[in-house]
Amino acid sequence: MLDWITLTIEAIGIAILVLWIIVPIGEFKSIYRALHGHGKTHKGGHS
Amino acid sequence: MTIVDYSIVIGFLLVMAFAGLAITRLIKTSDDFFVAGRELTPFVLCATITATNLSMYQFISIGGIAYQSGISVIWQNWTGDMALVLCGILVVPLMRRLQVRSIPEFLELRYTKGLRTLVGAFWGIRLCIYLGILLYIASTAAIGVTGCADTTQNYVRWLAAFSVVSIIYSAIGGAWAVAIMDSVQFCIMLLGALIVLPIVMHAVGGVPGIVHTLNSTGQSSHLSIVPSTGEFGWLFISAYMLLGFKWSSIDQSILQRAFGAKTPRISAKAMVLSGIITTPLAFFWVLPGLAASCLHPGFDNPDKAVPWLLAAEIPAVAKGLLGVVLCGLIAAQISAITADVNSVATLFTSDVYRSLRKRAPSQQQLLIVVRASSIVCGTLMLLVALYLRTTNGGGLRANYTITGILDMPLFVVTVIYGLLWKRANWQGATAGFLLGGFCGIFTHFLITNAYFDSYLFPLLSHISMPLANFAAHINHYFGPYQKQVRNVVPIVSSGAALIITPIVSLLTSRSSHGHFWNALNAEDNKEEKDAFHVIPRTLAGQIALAVTLIGFGVFVVGILSAHWASGLAAPMAIIGMLSVFAGGVVRVCVK
């Protein structure tokens, strides 16, 4: 049996994992649309 | 390790290599390679910053220190997390607004081109050595986890496994490959950690089992979160807080990811988010270290504790599970290596190659140079990793000391005087950087008895005997701090830079950098739709900033109170840290 501290840490870890699987997929889709759907613009550096 | 485990690892490496190569088509210009076209969004950016930050070093070496010295080493991560939040809302949005790609580029804008080339070359070499260290730790740990013979042949095989894939896709895919693959690797790394924790905690009887065993075996000091004495006590936490500020505000591999943000506000959000999510994750490497100290105390080399624990506990649960865990460790390592390879290539191409050329190079030329520099950097890191094997890790300790000495003066001239004091000029910044580093090295030799007796005292004797005797007196006085030298030296080198830079600046001519200060002002930038003001314009933003800063103050008071063995040290430090996080979250969400 695991204690509540370990279970809490594990639950937080699982929540972060799930969040970071779901949200970046949507963000990557929007980046892809920005790059290919509306033409790419570049903001150059200083030098 | 079984054939199933090996198959999983080889399959994982192949998938990583091919997926990284597939991203090549996103690279059209050098900015795509350097900063992913500045198109990155908060969660992607957070994942890539976190994956860059975490490597096998956390899982193996910090876990090993927890094994040897206790839970207080967790502050090495937590101070860095707080620094990420504070620099995320106070420093990085300003730098992102300047649209620079590196700190040396910032130094040219703020001071002079010469300082850019000097720091760019210094940082490039330093990162190559650091990459070699990462490879050394990873390959040594992989031998321990897999249980294969500790021969040079096996070491070279693991070096190849770690480096070939990462060099290929960082050289070809650049920052886009690093950002996208880091997001994937972050999840794989986390999956590995999620598998390990319940298994090892079950083996040791959970947190109550650890507490009971450590108390009954006379290791109760392992459970002190903010110790008043010892190598990982309050002085260690204070020194790491300073190093954390340095790391999160001027470290090329972290900043280059943040510079890939679409807007300054997104860079702030990503850094705050990364600091917060890494905080609970620190338990994933500290608790296994503590569990190993209960199950198998007595390893001479603490870096062997966690690999032993994994090899002993994981295979018994299911076939192939060790392979998945190893993939997690490899993912952590590859993401850190690729980010640094990308940073070195950027530093060399953007700060050294461009500065030395009289005519501006074409995009095609830049892409060729940046890819060639990635491969040269990869080769250099392999050579360093091979050398470290011959020194049995001695070079590793030397590098940590050197970076602790030289990075803090750079932080002072870049962030403190670079952003906060207009009168600072390039003469002051160069003197502060070089002399601050010199003072750090001098202090290191002065406090460490072996170095003092062998090198410093004979050298000073040649110059002046009264001076040598005076130094001997100081060496005797600071003798008790010898074990703390790595904590004392960054404080000295940053203190020296803090004093030297303004003195030299005031003694030399005033320099004007009006365009630099104008660019820092968000209101002047018409393209800035989602402006992020360091001093908030709304009441909610001001309250959030106040909570953050007061929280940091509470943390500092808590840590310093540990010097007097105060029982409130740990609660105050933790409450202060949580306040920093709470204030930081609100701050990035409101104007």
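These numbers were taken from a predicted model, which means no experiment stands behind them. (Residues numbered from 1 in each chain as written. Chains lettered and ligands numbered in written order. Predicted model: local features only at pLDDT ≥ 70, side-chain atom pairs only at ≥ 80, totals over all residues. Heavy atoms only, no water.)

1. What about the overall build of chain A?
For the record, the criterion: Helical segments are the DSSP runs of H or I of at least four residues, strand segments are the runs of E of at least two, and each set is numbered from the N terminus. We call a residue buried when its accessible area falls under 20% of the maximum for its residue type, exposed when it is over 50%, and partly exposed in between, using a 1.4 Å probe and counting protein chains only. Here the open area of atoms and residues is found with the Shrake-Rupley method and a 1.4 Å probe, where only the protein chains shown may cover a residue.
Helix and strand counts for chain A come out as 1 helix and 0 strands. Burial status across chain A gives 26% buried among its 47 residues. Element-wise, carbon and sulfur atoms account for 73% of the exposed surface of chain A, whose accessible area totals about 3000 Å².

2. Quick look at the overall build of chain B
The line we're drawing: Atoms counted for the radius of gyration: C-alpha only. Globule rule: 2.2 Å times residue count to the power 0.38.
When helices and strands are tallied, chain B shows 25 helices and 0 strands. For chain B, whose C-alpha radius of gyration is 24 Å, the value lies close to the compact-globule estimate of 25 Å for 591 residues. Overall, the C-alpha framework of chain B stretches about 65 × 65 × 55 Å when taken along its three principal axes. The 591 residues of chain B split such that 62% are buried.

3. Quick notes on the confidence of the model for chain B
Where the model shows low pLDDT, its predicted coordinates should not be examined in detail. All names here are of chain B. The line we're drawing: Per-residue confidence from the predictor is reported as pLDDT, which spans 0 to 100.
Scored by pLDDT, chain B comes out at a mean of 84, with 94% of its residues at no less than 70. Mean pLDDT across the elements of chain B ranges from a minimum in helix α2 (residues 30-35), with 66, to a maximum in helix α24 (residues 539-561), with 95. For this predicted complex, the interface confidence score (ipTM) comes to 0.81, while the overall pTM stands at 0.84.

4. A short note on helix α10 (residues 206-216) of chain B
All names here are of chain B. To keep it simple, the criterion reads: By arc we mean the arc of the directions from the helix axis to the C-beta atoms, nothing more.
Residues of α10 that are buried include every one of G206, V207, G209, I210 and L214, and no others. Buried residues of α10, seen end-on, are gathered within an arc of 155° and therefore sit on one face of the element. When the buried face of α10 is taken as reference, the exposed residues oriented beyond 90 degrees from it are H212 and S216. A positive phi of about 75° marks G218, the residue just after α10.

5. Thoughts on the environment of A565(B)
Residues and elements named next belong to chain B. Positionally, A565 belongs in the loop between α24 and α25 (569-589). What makes A565 exposed here is its relative accessible area of 56%. Note: C-alpha distance between A565 and V226 (339 residues apart in sequence) is 9.1 Å.

6. What about the packing of aromatic side chains?
Residues and elements named next belong to chain B. Defined as follows: Stacked, edge-to-face and tilted labels apply to pairs of Phe, Tyr and Trp rings (six-membered ring for Trp) whose centres lie within 6.5 Å, assigned for plane angles under 30 degrees, over 60, and everything in between, in that order. We count a charge as sitting over a ring when the NZ of a lysine or the CZ of an arginine lies within 6 Å of the ring centre and within 35 degrees of the ring normal.
Counted according to the given criterion, the structure contains 21 aromatic pairs over all chains. Ring centres 4.8 Å apart and planes at 50° place the aromatic pair F236 and Y240 in the tilted group. Pair noted here: F236 and Y240 are both in helix α11 (residues 234-250), with a separation of 4 residues, about one helical turn. Its relative accessible area of 1% is what places F236 among the buried residues. In this structure an aromatic cluster arises from ring pairing among W75, W78, F245, F283, F552 and F555. In this structure, R389 is placed above the aromatic ring of Y155, and the distance from its NZ or CZ to the ring centre is 4.9 Å.

7. As for the pattern of salt bridges
Residues and elements named next belong to chain B. Inclusion rule: Think of a salt bridge as a Lys or Arg side-chain nitrogen and an Asp or Glu carboxyl oxygen that are within 4 Å of each other.
Within this structure, the stated rule accounts for 3 salt bridges over all chains. Of the charged contacts in the structure, one is a salt bridge between E108 and R116, with a shortest N-O distance of 2.4 Å. By relative accessible area, which is 2% here, R116 ends up buried.

8. Structural notes on the nonpolar core
Residues and elements named next belong to chain B. Test applied: Buried Ala, Val, Leu, Ile, Met, Phe, Trp, Tyr and Cys residues that are joined via side-chain atoms within 4.5 Å together make up what is termed a nonpolar core. Only heavy atoms enter the contact rule, under which two residues are in contact if any of them lie within 4.5 Å.
Judged by nonpolar contacts, the single largest core of 191 residues is most densely connected at W75 and F186. Here this core takes 27 residues from helix α9 (residues 152-204), the largest share from any one element. If sequence neighbours within four positions are ignored, W75 has contacts with G80, M82, I225, V226, F236, I237, F555, A573, I574 and M577. Ranked by size, the runner-up nonpolar core spans 6 residues in total, among them L446, F452, L460 and A471.

9. Here's the deal with a nonpolar patch on the surface
All names here are of chain B. The criterion, for reference: Patches were defined on residues exceeding 30% relative accessible area and lacking a salt bridge, with like-charge contacts within 9 Å and nonpolar side-chain contacts (Val, Leu, Ile, Met, Phe, Trp, Tyr) within 5 Å.
Nonpolar side chains collect at one region of the surface, where I10, L14, F18, L21, V164 and I168 lie side by side and expose about 540 Å² of accessible area between them. Those elements giving two or more residues to the nonpolar patch turn out to be α1 (3-22) and α9. Note that I10 resides in helix α1.

10. Looking at the packing of helix α13 (residues 264-281) of chain B against α25(B)
All names here are of chain B. The condition is simple: Structural elements are reduced to axes, namely lines fitted to C-alpha atoms, with helices fitted over the stretch in contact, and the angle between N-to-C directions of any two is expressed from 0 to 180 degrees. Here is the rule for angles: anything less than 35 degrees is roughly parallel, anything more than 145 is roughly antiparallel, 65 through 115 is roughly perpendicular, and the remaining ranges are oblique. By convention the crossing between two helices is left-handed if the near helix lies anticlockwise of the far one by an angle smaller than a right angle, and right-handed if it lies clockwise. Under the scheme applied, nonpolar residues are Ala, Val, Leu, Ile, Met, Phe, Trp, Tyr, Cys and Pro; charged residues are Asp, Glu, Lys and Arg; polar residues are all the others, including Gly.
The N-to-C vectors of α13 and α25 enclose an angle of 155°; their axes lie 10 Å apart at closest approach. Judged on the interaxial angle alone, α25 and α13 are roughly antiparallel. When the axes of α13 and α25 are compared, the crossing they make is left-handed. Contacts from R265, A268, K269, V272, G275, I276 and T279 of α13 reach α25 at M577, F581, G584, V585, R587, V588 and C589. Its residues placed into classes, the contact of α13 with α25 shows 8 nonpolar, 3 polar and 3 charged.

11. A look at the state of the cysteines
Residues and elements named next belong to chain B. Note the cut-off: Criterion for a disulfide: a pair of cysteine sulfur atoms at a distance within 2.5 Å.
All chains considered together, the criterion is met by 0 disulfides over all chains. In this model C128 remains outside any disulfide bridge; the closest cysteine sulfur is found in C377, 4.0 Å from its own. Taking relative accessible area as the criterion, C128 reaches 6% and is therefore assigned buried. Cysteine C148 shares no disulfide, and the gap to the nearest cysteine sulfur, in C327, comes to 15 Å.

12. Quick word on the side chain of D407(B)
Residue and element names in this part refer to chain B. Here D407 shows up in helix α18 (residues 394-420). Residue classification places D407 among the buried residues on the basis of a relative accessible area of 0%. Apart from residues lying up to four places away in sequence, D407 is in contact with F122, R126, K246 and I250.

13. Comments concerning the side chain of N425(B)
Residue and element names in this part refer to chain B. Note the following rule: Nitrogen and oxygen atoms within 3.5 Å of one another constitute a polar contact, given that in protein one can donate a hydrogen and the other can accept it, and given that sequence-neighbouring residues count only through two side-chain atoms.
Relative to the elements of secondary structure, N425 occurs in the loop between α18 and α19 (426-447). Its relative accessible area of 0% is what places N425 among the buried residues. In this structure the side chain of N425 is engaged in a polar contact, spanning 2.8 Å, whose partner is the side chain of T508. Beyond its immediate sequence surroundings of up to four residues, N425 is in contact with Y111, S505, T508, S509 and S511.

14. A look at the environment of S72(B)
Residue and element names in this part refer to chain B. The topology assignment puts S72 in the loop between α4 (56-69) and α5 (75-90). Since its relative accessible area comes to 1%, S72 is described here as buried. Remark: the alpha-carbon pair of S72 and F232, spanning 160 residues in sequence, is separated by 6.3 Å. Every residue in contact with S72, bar those within four places of it in the chain, is listed here: S224, I225, P227, F232 and F236. A polar side-chain atom of S72 sits 2.9 Å from the main-chain carbonyl oxygen of F232.

15. Quick notes on the environment of I195(B)
All names here are of chain B. Mapped onto the fold, I195 is located in helix α9. Separated by 129 residues in sequence, I195 and V324 place their C-alpha atoms 8.7 Å apart. Leaving out residues up to four positions away in the same chain, I195 has contacts with L321, V324 and V325.

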